[in-house]
Amino acid sequence: MIQKLQKLALSLALPIRIYLGVVFIAACLYKIADPQEFALSIATYGILPVELVNPMAIMLPWIELICGIALILGFWTKASALAISGMMVMFITALVIALSKHLQMSCGCFASAEAGDDINYLTVIRDSLWLAGGLFVLVFDDGRWGMDGLMRRLR
Amino acid sequence: MSRQALKILGRSFVLALVGSVVGLVINLARPEGIEFSRSEPYNIYVPCPMMPKEAKALEIQDLQEAKDMVFVDARPRADYDKQRIPGAWSLPYNPLTSPPPLEIKKLKALGPNRIIVVGDTEIDSGRLLAAELAEAGCLGVRYLKGGFPAWKNAGKKVEEPEPKP
């Protein structure tokens, strides 16, 4: 029975992993294309000191991109799932703080402020589901259907 | 912490580090790159905290169904004194102050689903006052879409009080 459940979890982890990878790659595209706009989005949350806003805007999208690609490829699967889960915890915390301040603002997740994407509790639920997905991959995906598995077989 | 957990943690740190370095290098190389650190705060334009409640809009043609209603006129007092819906109460909308508690108490006492706020179209005072009344606890507040001009244009009865001597 436990073996069956493990097998099921393992086969579920692959689509979740690929989905999360695609989400993160999609999320980083606008941020990479327009770092100034993304920096403004970060500043709007009013959480980070101003000196840290630009470094965050410069580095975070590329971390998202690299982790997204790693997830899709199944390269360092658990490590990339951990990194993505960590980022999700950070995003959810920022959203909850902004909502508690009743800020009416764009999420800055997928599009610029002008494009809408306003934050609300559904955004928190969505991000929590992605966090759950990341943790699921971290726990259950051993990377056998990806580069990790390939490298193990080649050794 | 187990060796496996440390390995995962270390690798995720490496991923973050690689991403950071790539980001920094590309930001330096691209013409639209931004300065690494900024000391001046960003000019952020965030609308005022959102009104948690929003009143429902009512079209002029739906007014026939709205029986036993009390109209609340959100326009400035001077406009109300010139022309108004017969029997309407005057409660001018002021963006800087909340409606007086005594008026709120009277409106609440009317019971639910009885208030229709009528404003002007210029600042949409009907919608704004209706939202404030809803927020203050008046139940089922609605506002007339198009405000007093819509009422007049529909040929509805208008009261014109005698000018005071």
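See above for the structure.
Figured I'd write up the structure that's included with this text. (Residues numbered from 1 in each chain as written. Chains lettered and ligands numbered in written order. Predicted model: local features only at pLDDT ≥ 70, side-chain atom pairs only at ≥ 80, totals over all residues.)

**Structural notes on the overall build of chain A**
Okay, so step 1: The secondary structure content of chain A amounts to six helices and zero strands.
Okay, so step 2: Counting every position in chain A, which comprises 155 residues, the buried fraction comes to 43%.
Okay, so step 3: Across chain A, the fraction of contacts at a sequence separation of at least 24, relative to all contacts at a separation of at least 6, is 70%. (Helix = DSSP H or I, 4+ residues; strand = E, 2+ residues; numbered from the N terminus. Buried ≥ 20, exposed ≤ 12 C-beta atoms within 10 Å, placed from the backbone. Contact = placed C-beta atoms within 7 Å.)

**Thoughts on the overall build of chain B**
Okay, so step 1: Assigned secondary structure in chain B consists of five helices and five strands.
Okay, so step 2: Relative to its 165 residues, chain B shows a buried fraction of 26%.
Okay, so step 3: For chain B, restricting intrachain contacts to residue pairs at least 6 apart in sequence, the fraction spanning at least 24 positions comes to 66%.

**A look at the pairing of strand E4 (residues 115-118) of chain B**
Residues and elements named next belong to chain B.
Okay, so step 1: Across the two faces of E4 the burial is the same, with Ile115 and Val117 and Ile116 and Val118 all buried.
Okay, so step 2: Relative to strand E5 (residues 142-144), E4 runs parallel, the two sharing two bridges. Among the inter-strand pairings, Ile116 is bridged to a residue of E5, identified as Arg142.
Okay, so step 3: In terms of handedness, the path from E4 via helix H4 (residues 125-135) over to E5 forms a crossover that is right-handed. (Pairing = 2+ DSSP bridges. Right-handed = clockwise from strand over helix to strand, strands pointing away.)

**Here's the deal with the interface of chain A and chain B**
Okay, so step 1: With 31 residues of chain A in contact, the opposing surface of chain B contributes 26 residues.
Okay, so step 2: Of all the elements in the fold, those that place two or more residues in the side of chain A that touches chain B are helix H2 (35-45), helix H3 (50-73) and helix H4 (77-100) of chain A.
Okay, so step 3: Sorting elements by how many residues they give to the side of chain A that touches chain B places H3(A) first, with 15 residues.
Okay, so step 4: For the side of chain A that touches chain B, the class distribution of residues is 23 nonpolar, six polar and two charged. (Nonpolar A, V, L, I, M, F, W, Y, C, P; charged D, E, K, R; others polar.)

**Structural notes on the packing of H4(A) against helix H5 (residues 121-140) of chain A**
All names here are of chain A.
Okay, so step 1: Following both chains from N to C, one finds H4 and H5 inclined at 160 degrees, their axes separated by 8 Å at the closest point. Our classification of the angle between H4 and H5 gives roughly antiparallel. Our pair here, H4 against H5, has a crossing hand that is left-handed. (Axes fitted to C-alpha atoms, helices over the stretch in contact; angles between N-to-C directions. Parallel < 35°, antiparallel > 145°, perpendicular 65-115°, else oblique. Left-handed = near helix turned anticlockwise from the far one by under 90°.)

**Observations regarding the packing of helix H1 (residues 2-33) of chain A against H5(A)**
Residues and elements named next belong to chain A.
Okay, so step 1: Packing of H1 against H5 leaves a shortest axis separation of 9 Å and a crossing angle of 130 degrees. Here H1 is positioned oblique relative to H5, judged by the angle of their axes. Of the two possible hands of crossing, H1 and H5 adopt the one that is left-handed. Mapping the contact onto sequence places Ala9, Leu10, Ala13, Ile16, Arg17, Leu20 and Val23 in H1 and Trp130, Gly133, Gly134, Phe136, Val137 and Phe140 in H5.
Okay, so step 2: Considering only residue class, the contact of H1 with H5 consists of ten nonpolar, two polar and one charged.

**Concerning helix H1 (residues 3-29) of chain B**
Okay, so step 1: Compared with the 39 Å implied by 1.5 Å per residue over 27 residues, the 39 Å span of H1(B) between its first and last C-alpha is a close match.
Okay, so step 2: Residues of H1(B) that are buried include every one of B:Ile8, B:Ser12, B:Leu15, B:Ala16, B:Gly19, B:Gly23 and B:Asn27, and no others.
Okay, so step 3: Looking at the packing, one finds that the buried side of H1(B) touches H2, H3 and H4 of chain A. (Expected span 1.5 Å × (residues − 1).)

**Some points on unusual backbone geometry**
Okay, so step 1: Backbone geometry at A:Trp76 places phi at a positive 50 degrees, although glycine is not the residue there.
Okay, so step 2: Of note, A:Trp76 is situated in the loop between H3 and H4.
Okay, so step 3: One non-glycine residue, B:Asn113, lies in positive phi territory at about 60 degrees.

**Some thoughts on the nonpolar core**
Okay, so step 1: One finds A:Ile63, A:Cys67, A:Ala83, A:Ile84 and B:Leu15 to be the most contacted residues of the largest nonpolar core, which totals 45 residues.
Okay, so step 2: Those elements giving two or more residues to this core turn out to be H1, H2, H3, H4 and H5 of chain A together with H1 of chain B.
Okay, so step 3: With residues near it in sequence (within four places) discarded, A:Ile84 still touches A:Leu20, A:Phe24, A:Cys67, A:Leu71 and A:Gly134.
Okay, so step 4: In terms of nonpolar packing, the next biggest core, distinct from the first, is built from 24 residues, B:Leu91, B:Leu129, B:Val141 and B:Trp151 among them. (Core = buried A, V, L, I, M, F, W, Y, C linked by C-beta atoms within 7 Å.)

**Digging into the sheet that holds strand E3 (residues 89-90) of chain B**
Residue and element names in this part refer to chain B.
Okay, so step 1: Read from one edge to the other, the open sheet built from five strands follows the order E1-E5-E4-E2-E3, with strand pairing classed as parallel. Looking at which strands have only one partner, the edges of the open sheet turn out to be strand E1 (56-58) and E3.
Okay, so step 2: Here two bridges tie strand E2 (residues 70-73) to E3, and the two strands are oriented parallel to one another. Counterpart to Asp73 in the pairing with E3 is Ser90.
Okay, so step 3: Sitting on the sheet, H4 is in contact with E4 and E5, with an inclination near 145 degrees to E4.

**Considering H1(A)**
Residue and element names in this part refer to chain A.
Okay, so step 1: Its 32 residues place the ends of H1 46 Å apart at the C-alpha level, agreeing with the 46 Å of an ideal helix rising 1.5 Å per residue.
Okay, so step 2: Listed in full, the buried residues belonging to H1 are Ala13, Ile16, Arg17, Leu20, Gly21, Phe24, Ala27, Cys28 and Lys31.
Okay, so step 3: Those residues of H1 hidden inside the fold are in contact with H2, H3, H4 and H5.

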